[in-house]
Amino acid sequence: MPALEIENLDGLEDFVGREITTDWFEVTQDRIRQFAEATEDRQWIHLDYDRAKRESPYATTIAHGFLTLSLLSPLMEQALRIQNGVRMAVNYGLNRVRFPSPVRAGSKIRGRFTLQSLEDVSNTCEAVFSVVVEDQSQGKPCCVAEWVVRYYP
């Protein structure tokens, strides 16, 4: 699914309340392993398939919640592109985050972004997005967040 392309920040106002959905993205065991190495979070539920199959309620390895969260940036890039008038976009933070269900290794996830609000703040445009990351194999979201992005003209 191609990204929604907006000419400039003024055009973003037309999308308040509108949901944009990305394509499916596979979360591989190799990506989980690389994330574990980068963050030094090598807990067995992420890396030891045999033990996870025996002892975990998920019966397989799962992605780190923070890995799922970190994928918001590339998912957003799939969802929305502002063509002109933005020097840079900065992740300003999160107002809330929950991980209601796990992302099992090999699962496909996608993001659903809804622009909740826009506000001019300190010479930037602050956008607040409601984000739901869903797993193709589950009915329950695997991540729900409110994400604040600042666009610098």
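Everything discussed here concerns the structure shown above.
Given the structure is predicted, the values throughout are model-derived calculations rather than measurements.

We now examine the nonpolar core. With 34 residues, the main nonpolar core has L12, V27, L80, I109, F113, F129 and Y151 as its most contacted residues. Not counting chain neighbours up to four residues away, the residues in contact with I109 comprise D23, W24, F25, V27, L71, L75, V103, V133, E134, D135 and C142.

Within the span of helix α6 (residues 72–79), buried status applies to L72, L75, M76 and A79. Down the axis of α6, the sector holding all buried residues measures 100°, keeping them to one side.

Examined against the element boundaries, V148 turns out to sit in strand β8 (residues 141–152). The class for V148 is buried, based on a relative accessible area of 5%. Distance from V148 to N91, taken between C-alpha atoms, is 6.5 Å for residues 57 residues apart in sequence. Setting aside anything within four residues of it in sequence, one finds V148 in contact with V90, N91, Y92, G93, N95, E126, A127 and V128.

We now examine the pattern of salt bridges. Counted under the stated rule, the structure contains 8 salt bridges. For the salt bridge of D30 with R33, the shortest nitrogen-to-oxygen distance reads 2.7 Å. Separated by 3 residues within a single helix, D30 and R33 lie in helix α2 (residues 29–39), roughly one turn from each other. We classify R33 as partly exposed; its relative accessible area is 39%. A salt bridge links E55 to R51; its shortest N-O distance comes to 3.2 Å. Taken together, the positions of E55 and R51, both in helix α4 (residues 49–55) and 4 residues apart, correspond to about one turn of that helix. Through salt bridges that share partners, E19, R110, R112 and E134 make up one connected network.

Calculation criteria
- Residue positions are given per chain, counting from 1 as you read along its sequence in written order.
- Reporting of local features is limited, given that this is a predicted model, to residues whose pLDDT is at least 70; pairs of side-chain atoms are given and counted only at 80 or more, and all residues count toward the totals for whole chains, interfaces and linings.
- Only hydrogens and water are set aside; all other atoms, that is, all heavy atoms of the structure, feed into the side-chain values.
- The definition of a nonpolar core used throughout is a set of buried Ala, Val, Leu, Ile, Met, Phe, Trp, Tyr and Cys residues joined through side-chain atoms within 4.5 Å.
- A 1.4 Å probe rolled over the protein chains alone gives each residue an accessible area, and that area as a share of the maximum for its type sets the label: buried under 20%, exposed over 50%, partly exposed in between.
- Two residues form a contact once any of their heavy atoms are found within 4.5 Å.
- By the criteria applied, helices consist of DSSP H or I runs no shorter than four residues and strands consist of E runs no shorter than two, each listed in order from the N terminus.
- Our arc is simply the arc of the directions from the helix axis toward the C-beta atoms.
- Within this document, salt bridges are pairs made up of a side-chain nitrogen of Lys or Arg and a carboxyl oxygen of Asp or Glu, the two lying within 4 Å of each other.

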